[in-house]
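Residue-level structural notes
Here are the chains, one letter per residue:
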Amino acid sequence: MSWGTELWDQFDNVDKHTQWGIDFVERYAKFVKERLDIEQNYAKQLRNLVKKYCPKRPKDEEPRFTSCLSFYSVLNELNDYAGQREVVAEEMAHKVYGELMRYSQDLKAERKHHLQEGRKAQQYLDHCWKQMDNSKKKFERECKEAEKSQLTYDRLDNDINATKSEVEKAKAQFYLRTHMADESKNEYAAQLQNFNAEQWKHFNNALPHIFKNLQDMDERRTVKLGETFRSFAEAERRVVPIISKCLEGMVSAAKAVSERKDSAIVVESFKSGFEPPGDFPFEDFSQNLSRTGSDGTINGGPAPRSDPKHPMSRTKNKLWLFGKKPKSPSSSPPPPPPSSSSSSSRPRPTSHRFTSDLVSHYLSEIKTTVPRIPQSLRVLRRGVRQEAPSLEDFSHLPPEQRRKRLQQRIDELNKELQKEMDQRDALNKMKDVYEKNPQMGDPISLQPKISETICNMEKLRSEIHKNETWLSEVEGKQSSRGDRRHSADNHHHTPANTKAQPPASCFCISPEGSYTDDTSQEHHTPQHRPSPSQPTNPNPDPHEFDDEFDDDDPLPVIGHCKAMYSFDGQNEGTLVMAEDEVLYIIEEDKGDGWTRARKQSGEEGYVPTSYVEITMEKNSKGAVTYI
């Protein structure tokens with residue numbers, strides 16, 4: 001249906017309709033702009049979200065749990081999904097919004113041109129109508145003047161009093177007006193014929209052509225809108241396969257979560273290598289009390305004085321499973337000797353002696369002892385646990401973790417060594433090429449680099465050997481602990497009528513609270529005293545039961561010190577040190593003159609503060625929280 005034939009008289013409405021069409025295109029373009037802004041902001045927020053929850057630590061420190069790895073996979077897929085949203089926004093910006101804005105400008109220019117042509121045609125038609133109307137009015141006016149002149153002539157011609165000149169003048173005027181009326185008639189007829197012709201051309205040629213152009217423009221606008229609607233959907237549909245792959249990747253990451261693997265990783269990450277604490281022996285504090293067979297009363301004999309070298313005397317300072325931290329020596333530290341005096345004349349701390357009888361001592365020990373959680377049970381408590389400064393041999397770590405760290409370092413050193421070896425081989429080959437072809441280079445110039453590479457290899461081999469030595473030491477200890485664990489299991493499964501024997505050795509707690517596995521540090525307590533109804537043993541073995549169990553975590557190193565004088569360490573809890581020996585500080589002086597230190601061998605104890613030169617670590621206050 002053509003606008004030219006049906007809307008020949010609706011030029012103003014066609015003008016309004018075409019303007020509405022352009023406004024609609026611009027409105028849709030604005031919609032697309034807001035939509036792509038939403039897509040861009042959505043993609044940006046997704047990327048910020050992924051960046052916020054992505055790990056910021058090095059990959060070596062990242063958790064290896066399947067749940068964490070799956071979560072990171074989900075984050076990667078979500079990041080790819082955000083990238084696809086950006087692709088959608090880019091497609092909409094270029095193929096929809098940009099195209100619409102350009103087309104809208106073209107529509108405005110084309111519509112303006114067609115409307116100008118229509119207005120020009122209308123103006124020309126109006127001009128023709130005005131000319132025709134003017135000639136018509138002139139013809140009408142001339143006819144009226146001719147009629148008036150005719151009436152005047154007739155009146156004078158019939159008047160007997162009128163002179164001949166007046167009659168002739170009226171007659172000439174009548175003829176003149178009649179002639180002018182005829183000319184106006186002819187002009188009017190010509191203008192009317194011209195106007196009718198122009199009007200026919202206007203409504204049958206010019207205006208239909210203009211309307212046809214406007215109709216084509218409007219139809220092309222409609223088609224363009226349909227194409228942009230399709231492009232709008234295509235921009236979304238193109239990324240659907242990739243988005244589906246992203247979602248499939250998320251589902252695959254969810255399926256990769258394994259609770260058994262995570263549990264195994266927890267065991268591998270936190271296994272210390274220590275053995276659980278063994279059974280506690282019964283400590284009979286009444287073995288030195290003589291009882292009567294009839295009433296069981298205690299004979300009031302003088303209690304023997306305790307011998308600090310006897311195992312019984314170490315009960316004061318032994319560490320119970322739930323005992324307190326070992327206290328510093330009760331005696332005051334000796335003053336530092338003069339530099340000119342010999343080591344034999346230096347003052348020593350006085351030896352600790354019990355001042356009460358054995359029964360009073362045991363009673364006070366039972367009343368004042370506060371339970372202390374052993375190392376094997378401390379892992380269950382909550383709170384903040386201080387981490388010791390990392391040592392080169394990782395001796396601050398439990399055995400299993402130390403073994404893993406040493407093995408990891410050895411692997412890294414082997415990789416570096418292999419790189420150095422490859423570099424050496426490459427340099428040697430290059431040197432051979434230079435020797436065969438001197439024009440390519442000087443072989444002597446490669447010698448410093450080769451020597452440097454060989455030096456680096458020797459250093460790496462030395463480091464590997466040192467770490468392998470530490471690793472073999474740890475593995476040897478773990479092997480011996482496994483044998484002791486096996487013997488302890490056999491001990492627990494002995495028949496009831498067989499007398500249980502204590503294990504040969506196990507982890508013991510030194511007075512300083514460090515990890516030891518030396519049998520020489522075992523604490524012995526007396527055995528049960530037999531009841532009167534049982535046959536008594538005249539020579540009971542006071543060392544039948546061993547008090548052996550693991551201590552708390554080793555205290556972190558907070559500094560180091562250098563011994564200015566030698567110290568013999570005769571008191572319980574003190575540490576023997578030689579002059580110029582370097583020790584680790586694990587506890588500062590609390591005001592009593594004693595400082596707790598640890599030797600490089602792991603032995604711990606108290607030394608006089610005035611005997612050492614102390615240097616504290618700057619980062620000794622750091623702490624790490626373990627859940």
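Worth saying up front: this structure is predicted, and the values here are computed from it rather than measured. Note that residues are indexed from 1 along each chain, following the sequence as it is written. The model is predicted, so local features are restricted to residues of pLDDT at least 70 and side-chain atom pairs to those at 80 or more, both for listing and for counting; the totals for chains, interfaces and linings are taken over all residues. Side-chain measures here rest on the full set of heavy atoms in the structure, leaving out hydrogens and waters.

**A short note on the overall build of the protein chain**
Where we set the bar: Strands are runs of DSSP state E lasting at least 2 residues, helices are runs of H or I lasting at least 4, and numbering of each runs from the N terminus. Using a 1.4 Å probe on the protein chains alone, a residue whose accessible area is under 20% of its type maximum counts as buried, one over 50% counts as exposed, and one in between counts as partly exposed. A contact between two residues is defined here by any heavy atoms of the two lying within 4.5 Å. With residues, only the protein chains shown are counted as cover, and all accessible areas are computed by Shrake-Rupley using a 1.4 Å probe.
When helices and strands are tallied, the protein chain shows 10 helices and 11 strands. Out of the 627 residues in the protein chain, the part that is buried amounts to 34%. Nonlocal contacts in the protein chain, meaning residues at least 24 apart in sequence, comprise 75% of its contacts between residues at least 6 apart. Within the structure as shown, the protein chain displays about 38800 Å² of accessible surface, and the carbon and sulfur contribution to it stands at 53%.

**Comments concerning the nonpolar core**
The criterion, for reference: Working definition of a nonpolar core: buried Ala, Val, Leu, Ile, Met, Phe, Trp, Tyr and Cys residues. They are joined through side-chain atoms within 4.5 Å.
The biggest cluster of nonpolar side chains holds 34 residues, and the ones touching the most others in it are Y28, V32, M92, L100, L107, F211 and L214. Those elements that place two or more of their residues in this core are α2 (11-53), α3 (66-158) and α4 (164-238). The element that contributes the greatest number of residues to this core is α3, accounting for 13 residues. Residues I558, Y565, M577 and L583 belong to the second largest nonpolar core, which totals 15 residues.

**Topic: the pairing of strand β8 (residues 594-598)**
We apply this condition: Only strands that DSSP links by at least two bridges are regarded as paired with each other.
The buried fraction of β8 is high, at 5 of 5 residues. Judged by which residues are buried, β8 turns out to be covered on both faces: W594, R596 and R598 on one side and T595 and A597 on the other are all buried. Of the strand pairs in this sheet, strand β7 (residues 582-587) and β8 are connected by 3 bridges, and their pairing is antiparallel. By the bridge assignment for β8, E587 is matched with R596. Counting the residues between successive antiparallel strands, the hairpin from β7 to β8 contains 6 residues, one of them, G591, with a positive phi of roughly 105 degrees. As judged from the 5 bridges shared by β8 and strand β9 (residues 604-608), these two strands associate in the antiparallel manner. Bridge pairing in β9 links A597 to G605. Between β8 and β9, which pair antiparallel and follow one another directly, the connecting turn spans 5 residues, one of which, G602, has a positive phi of 105 degrees.

**Some thoughts on the packing of aromatic side chains**
Geometrically, a pair of aromatic rings is defined through the distance of the ring centres and the angle of the planes. Worth spelling out the cut-off: Stacked, tilted and edge-to-face are the three classes applied to pairs of Phe, Tyr and Trp rings, where Trp contributes its six-membered ring and a pair requires centres within 6.5 Å; stacked means planes under 30 degrees apart, edge-to-face means over 60, and tilted covers the rest.
In the structure shown here, the tally under the stated rule is 13 aromatic pairs. Both rings, one in W20 and one in F24, keep their centres 5.6 Å apart while their planes meet at 25 degrees; by these two values the pair is stacked. Of this pair, W20 and F24 both sit in helix α2, 4 residues apart, roughly one helical turn. Residue class for W20 comes out partly exposed when judged on its relative accessible area of 49%. Ring geometry for Y42 and Y81: centres 6.3 Å apart, planes at 85 degrees, overall edge-to-face. Of the two residues, Y42 is situated in helix α2 and Y81 in helix α3; the sequence distance between them amounts to 39 residues. The class of Y42 is partly exposed, set by a relative accessible area of 36%.

**Observations regarding the packing of α3 against helix α5 (residues 240-255)**
Let me state the cut-off plainly: Only the contacting stretch of a helix is used when fitting its axis, a line to C-alpha atoms as for every element, and angles between N-to-C directions run 0 to 180 degrees. Here the word oblique covers every angle except those under 35 degrees (roughly parallel), over 145 (roughly antiparallel) and from 65 to 115 (roughly perpendicular). Note on residue categories: nonpolar means Ala, Val, Leu, Ile, Met, Phe, Trp, Tyr, Cys or Pro, charged means Asp, Glu, Lys or Arg, and polar means any other residue, Gly included.
Contact pair α3 / α5: the axes reach a minimum separation of 9 Å and the direction vectors enclose 170 degrees. Viewed along their axes, α3 and α5 adopt a mutual orientation that is roughly antiparallel. Residue-level inspection shows S70, S73, V74, E77, L78, D80, Y81, Q84 and R85 of α3 in contact with α5, the latter providing I242, I243, K245, C246, G249, M250 and A253. Split by residue class, the contact of α3 with α5 holds 8 nonpolar, 4 polar and 4 charged.

**Observations regarding the sheet that holds β9**
Read across the open sheet, the 5 strands follow the order β9-β8-β7-β6-β10; overall the sheet is antiparallel. This sheet does not close on itself; its edge strands, each paired only once, are β9 and β10 (612-616). Neighbour-to-neighbour, the strand axes of the sheet open up by a mean angle of 40 degrees, direction not taken into account. Two elements, strand β6 (residues 559-563) and β7, share 4 bridges in a ladder whose sense is antiparallel.

**Describing the side chain of N213**
Inspection of the secondary structure puts N213 in helix α4. Exposure remark for N213: the relative accessible area of 18% places this residue in the buried category. Those residues in contact with N213 that lie beyond four places of it in its chain are E110, H114 and E117.

**Details of the pattern of salt bridges**
Our working definition: Any carboxyl oxygen of Asp or Glu within 4 Å of a side-chain nitrogen of Lys or Arg constitutes a salt bridge here.
One pass over the full model with this rule turns up 32 salt bridges. Where R237 meets E234, a salt bridge forms, and the shortest distance between an N and an O atom there is 2.0 Å. Residue R237 and its partner E234 are located together in helix α4, separated by 3 residues, close to a single helical turn. Given a relative accessible area of 54%, R237 falls into the exposed group. Through salt bridges that share partners, R35, E39, R85 and E236 make up one connected network.

**Observations concerning a nonpolar patch on the surface**
Quick reminder of the rule: Note that patches include only residues with greater than 30% relative accessible area and no salt bridge, and the join distances are 9 Å for like charges and 5 Å for nonpolar side chains (Val, Leu, Ile, Met, Phe, Trp, Tyr).
Taken together, the side chains of L49, Y53 and F71 make up a nonpolar region of the molecular surface, amounting to roughly 280 Å² of accessible area. The exposure class of F71 is partly exposed, given its relative accessible area of 36%.

**Concerning the environment of Q84**
Mapping Q84 onto the fold places it in helix α3. With a relative accessible area of 13%, Q84 lands in the buried category. Taking the C-alpha atoms as reference points, Q84 and E236, 152 residues apart in sequence, are found 9.2 Å from one another. Residue contacts for Q84: discarding those within four places in its chain leaves V239, I242 and I243.

**A few points about unusual backbone geometry**
The backbone of D580 shows a phi angle near 70 degrees, a positive value even though the residue is not glycine. Within the secondary structure layout, D580 lies in the loop between β6 and β7.

**Things to note about the environment of V607**
Topologically, V607 is positioned in strand β9. Separated by 10 residues in the primary sequence, V607 and A597 have C-alpha atoms spaced 6.9 Å apart. Residues contacting V607, with those up to four places away along its chain left out, are L575, M577, L583, G593, W594, T595, A597 and V612.

**Considerations on the confidence of the model for the protein chain**
Cut-off, in case you're wondering: Per residue, pLDDT measures the predictor's confidence, with a range of 0 to 100.
Of all residues in the protein chain, 69% have pLDDT values of 70 or greater, and the mean over the chain is 74. For the protein chain, per-element mean pLDDT is lowest for strand β11 (residues 624-625), which scores 32, and highest for α5, which scores 93. Considering only residues more than four positions removed or in separate chains, one finds that residues 491-552, a stretch of pLDDT under 50, has 147 contacts.

**As for the side chain of T18**
Position of T18 among the secondary structure elements: in helix α2. In contact with T18, other than residues within four places in its own chain, are R111, L214 and M217.

**Observations concerning the environment of K212**
Relative to the elements of secondary structure, K212 occurs in helix α4. When its relative accessible area of 46% is taken as the criterion, K212 is described as partly exposed. The spatial distance from the C-alpha of K212 to the C-alpha of W3 is 6.4 Å, given a sequence separation of 209 residues.

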